[in-house]
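A closer look at the structure
Here is how the chains run, residue by residue.
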Amino acid sequence: MHLRVASFGIRALCGEGLKGLSMGKESILVRGNGTLSGEVKISGAKNSALKLMAASILGSGESVIHNVPDISDIAIMSDVLRRLGATVCREDHSLRIDASGVDSFSTPYELVSRMRASISVLGPLIGRFGQARVAMPGGCQIGARKIDMHLVGLESLGVMFEVDHGTLIASTPDGLHGSHVVLEFPSVGATENMLMAAVVAEGVTLIDNAAREPEIVDLCTMLCAMGARITGAGSMSIEVEGVPLEDLHPCEHTTVGDRIEAGTFLAGGALTGGPVTVQGIDPEYLRMAILKLKAMGCDVACGEDYVTVKREGDLIAADIQTLPHPGFPTDLQAQFMLLSALAEGTSVITENVFENRFMFASELMRMGADITLEDHHAIIRGVQGLQGAPVSSTDLRAGAALVLAGIVAEGYTTVYEIEHIDRGYEDYVGKLRSLGADVVRKESEERV
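Just so you know, these numbers come straight off a predicted model, no measurement behind them.

Within the chain, the secondary structure is distributed over 14 helices and 25 strands. For 448 residues, the compact-globule formula gives about 22 Å, and the C-alpha radius of gyration of the chain, at 22 Å, lands near that figure. By its C-alpha atoms, the chain is 65 × 45 × 40 Å across when sized along the principal axes. The buried share of the chain, reckoned over its 448 residues, is 58%. Charge centroids of the chain, computed over 36 positive and 58 negative side chains, lie 5 Å from each other.

Okay, here's the thing in structure tokens:
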């Protein structure tokens, strides 16, 4: 295929909060002014906080998790935990989760189908009850995202599975026991679910080819604070020495900064020239993205917990391959495709993680990008500029990138389906406005 075309503030309550959550049919209207400059505080990592919430099931009592973003995915996970019997209260950016009342091991379809990360309760439910009933997951439509590796890994620990009318039923007739598992692919979800079951399995579990993402390290840190015994987090080989369930206890933990949100704002700074500084993030989490920003002609400065990007010359084309951490993150692919669309020369982006993540390209082409898709490769020929147009978020990261595209496009851009953006970015519009962007949320009619 080859196409070329010319809030409100957080409340302290035992509920959701949800700053800037879309109500009904909302869209984001962007007037292109080419401006993003200043400093922005990065929220806690969505992909970490969700799993930390699930892990709280293993400690009977009240755990406190700080630096939790106020986004719709967190609200859904809170409802999942409440349905299991937990009490979940938000106080600003902290969650108090009392798991002492958890008395159910079954999660409902109407909640799990709205968010794929809900499958992360599978491991801790098995660890706590020896059984689980979890509806098959939903979430962004960016590929098959099969859970086969979750099941194979857990089966090696003594879990048996069957599927009944869309519900995954797990049991442990002989209890959980340690095992040596080699993952076919360093799946983040499979590694997490295995960890949360293995911490209470009898004996030692060795996970080889484990995921190495910072969110895995964050989960292991919290589990160890709860009394688990884990070594090797952040490496390809993680060892877990099982402890009795009663030895695990609640804890207090602070979520790491969201490297994908940080990368999104850095891409915005590279797009407009900046300078943009993201605060509250370890630059090591973004090593490959920073290398690519430099290769594309940007100046990048790093401190202990911040990164600053600015650019004076033209953007330069660069090739990118998405890979598991520490490779280039698939969750930043759309943002860097946008940079490539305005870079001088031709870039090739190879998507190795999710097969349908190039759906974003067709929306960017509506704005004037020159992109050819060939299997899991995108060939992007840089153009002089983009034009505002009505576009739709195809997934969480694509939606965020389309808003950035509108900031540098000529005229007005309306981004629809923004509930995807609300899943992972707290007050995205507010943060962009603080950097000088002309962007607002508005009630919208059906897109024609």
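Now, onward.
Read from one edge of the open sheet, four strands run β7-β8-β10-β9, paired in mixed fashion. Each having just a single partner strand, β7 (106–107) and β9 (160–164) make up the two edges of the open sheet. Across five bridges, β9 lies against strand β10 (residues 167–171) in antiparallel orientation. The residue of β10 that forms the bridge with Met160 is Ser171. Sheet strands touched by helix α4 (residues 122–129): β7, β8 (131–135), β9 and β10. Its angle to β8, the strand with the most contacts, is close to 155°.

Scanning all chains against the criterion turns up four aromatic pairs. Measuring from ring centre to ring centre gives 5.0 Å for Phe328 and Phe336, while their planes differ by 85°; the resulting arrangement is edge-to-face. You can call Phe328 buried: its relative accessible area is 2%. Through a chain of ring-to-ring contacts, the aromatic side chains of Phe265, Tyr425 and Tyr428 assemble into a single cluster.

Turning our attention to the nonpolar core. Core analysis: the biggest nonpolar cluster contains 73 residues, and Met337, Leu364, Ile371, Leu386 and Leu432 have the highest contact counts within it. For this core, the leading source of residues is helix α12 (residues 396–408), giving nine residues. Core analysis: the next-biggest nonpolar cluster, separate from the first, contains 69 residues, Ile65, Ile126, Val134 and Ile230 among them.

Confidence in the prediction of the chain, expressed as mean pLDDT, is 90, and 91% of residues score 70 or more. Scored below 50 in pLDDT, residues 19–24 makes 20 contacts in the model with residues more than four places away or belonging to other chains. Within the model, the stretch residues 138–145 combines pLDDT values under 50 with 26 contacts to residues more than four positions away or in other chains.

One covalent bond between the sulfur atoms of two cysteine residues makes up a disulfide. Counted according to the given criterion, the structure contains zero disulfides. Left without a disulfide partner, Cys224 is nearest to the cysteine sulfur of Cys220, which lies 6.4 Å away. In this structure Cys302 is a free cysteine whose sulfur lies 12 Å from that of Cys298, the closest cysteine sulfur available.

So, on to the side chain of Ser347. Tracing the backbone shows Ser347 in strand β20 (residues 346–350). A polar atom in the side chain of Ser347 sits 3.1 Å from the backbone nitrogen of Ala318. Sequence-distant contacts of Ser347, that is, excluding residues within four places in its chain, are made with Ala317, Ala318, Asp319, Ser340, Ala378, Ile379 and Ile380.

This part covers the packing of α4 against helix α6 (residues 188–198). Packing of α4 against α6 brings their axes to within 7 Å, and their N-to-C directions diverge by 15°. What the angle tells us is that α4 and α6 run roughly parallel. Regarding α4 and α6, the two cross each other, and that crossing is right-handed. Contact with α4, carried on its side by Leu122, Gly123 and Pro124, involves Asn193, Met196 and Ala197 of α6 and no other residues of that element. Looking at the contact of α4 with α6 residue by residue, the classes come out as four nonpolar, two polar and no charged.

Glancing now at the sheet that holds strand β14 (residues 237–241). If you trace the four strands from one edge of the open sheet to the other, you get β11-β12-β14-β13, paired in mixed fashion. Two strands lie at the open edges of the sheet, namely β11 (180–182) and β13 (229–231), each paired on one side alone. Strand-to-strand, the axes of this sheet are offset by a mean angle of 15°, without reference to chain direction. Note that strand β12 (residues 204–208) and β14 share five bridges and pair antiparallel. Bridge pairing in β14 places Ile207 opposite Ile238. Sheet contacts for α6: β11, β12, β13 and β14; angle to β12, the most-contacted strand, approximately 170°.

This next bit is on unusual backbone geometry. Here the amide bond leading from Gly274 into Pro275 is cis, since omega sits at 0°, within 30 degrees of zero. Topologically, Pro275 is positioned in the loop between α8 (259–272) and β16 (276–279). A cis amide bond links His325 to the next residue, Pro326, at an omega of 15°. Here Pro326 is to be found in the loop between β19 (320–321) and α10 (333–341). With a phi angle near 60°, Asn209 is a residue other than glycine that sits in the positive phi range. Mapping Asn209 onto the fold places it in the loop between β12 and α7 (214–225). One non-glycine residue, Asp375, lies in positive phi territory at about 60°. Take Asp375: it is sitting in the loop between β21 (370–374) and β22 (377–381).

Attention shifts here to the packing of α8 against α10. Two quantities define a packed helix pair, namely the angle between the helix axes and the distance between the axes. Where α8 meets α10, the closest approach of the two axes is 9 Å, and the angle between their N-to-C directions is 10°. Taken together, α8 and α10 sit at an angle that is classed as roughly parallel. Here Ile260, Thr264, Ala267, Ala270 and Leu271 of α8 come into contact with α10, specifically with Gln335, Leu338 and Leu339.

So, how was this worked out
- For every chain, the first residue of its written sequence is number 1, and the numbers climb from 1 along that sequence.
- Residue-level local features of this predicted model are given only where pLDDT is at least 70; pairs of side-chain atoms are given and counted only at 80 or more, and the full residue set underlies all totals for whole chains, interfaces and linings.
- Hydrogens and water are ignored here; the side-chain numbers use all heavy atoms of the structure.
- Numbering of helices and strands runs from the N terminus; a helix is a DSSP stretch of H or I covering at least four residues, while a strand is a stretch of E covering at least two.
- This radius of gyration counts C-alpha atoms alone. The globule rule is 2.2 Å times how many residues there are, raised to the power 0.38.
- The cut-offs for exposure are 20% and 50% of the maximum accessible area for each residue type, with area from a 1.4 Å probe on protein chains only; residues under the lower value are buried, those over the upper are exposed, and the others partly exposed.
- In summary, the charge assignment counts Lys and Arg as positive and Asp and Glu as negative, without counting His or the chain termini.
- One atom stands in for each charge, and that atom is NZ of Lys, CZ of Arg, CG of Asp or CD of Glu.
- Should DSSP find at least two bridges between two strands, the strands are regarded as paired.
- Two residues qualify as a contact provided that any one of their heavy atoms is within 4.5 Å of a heavy atom in the partner residue.
- Note on definitions: angles span 0 to 180 degrees between N-to-C directions of axes, and those axes are lines fitted to C-alpha atoms, for helices only across the stretch in contact.
- Classification of ring pairs rests on two measures: the distance between centres of Phe, Tyr or Trp rings, Trp counted by its six-membered ring, which must be within 6.5 Å, and the angle between planes, read as stacked under 30 degrees, edge-to-face over 60 and tilted in between.
- To form a nonpolar core, buried Ala, Val, Leu, Ile, Met, Phe, Trp, Tyr and Cys residues must be joined to one another through side-chain atoms within 4.5 Å.
- The pLDDT value tells you how sure the predictor is about a given residue, anywhere from 0 up to 100.
- The disulfide criterion used throughout: a pair of cysteine sulfur atoms within 2.5 Å.
- Distance and chemistry together define a polar contact, namely a pair of N or O atoms within 3.5 Å, with one atom able to donate a hydrogen and the other to accept it when in protein, and with adjacent residues in sequence counting only for side-chain atoms on both sides.
- The labels follow the angle: roughly parallel below 35 degrees, roughly antiparallel above 145, roughly perpendicular from 65 to 115, and oblique for the rest.
- Crossing handedness is read from the near helix: turned anticlockwise from the far helix by less than a right angle, it gives a left-handed crossing, and turned clockwise, a right-handed one.
- In this classification, Asp, Glu, Lys and Arg are treated as charged, Ala, Val, Leu, Ile, Met, Phe, Trp, Tyr, Cys and Pro as nonpolar, and every other residue, Gly included, as polar.

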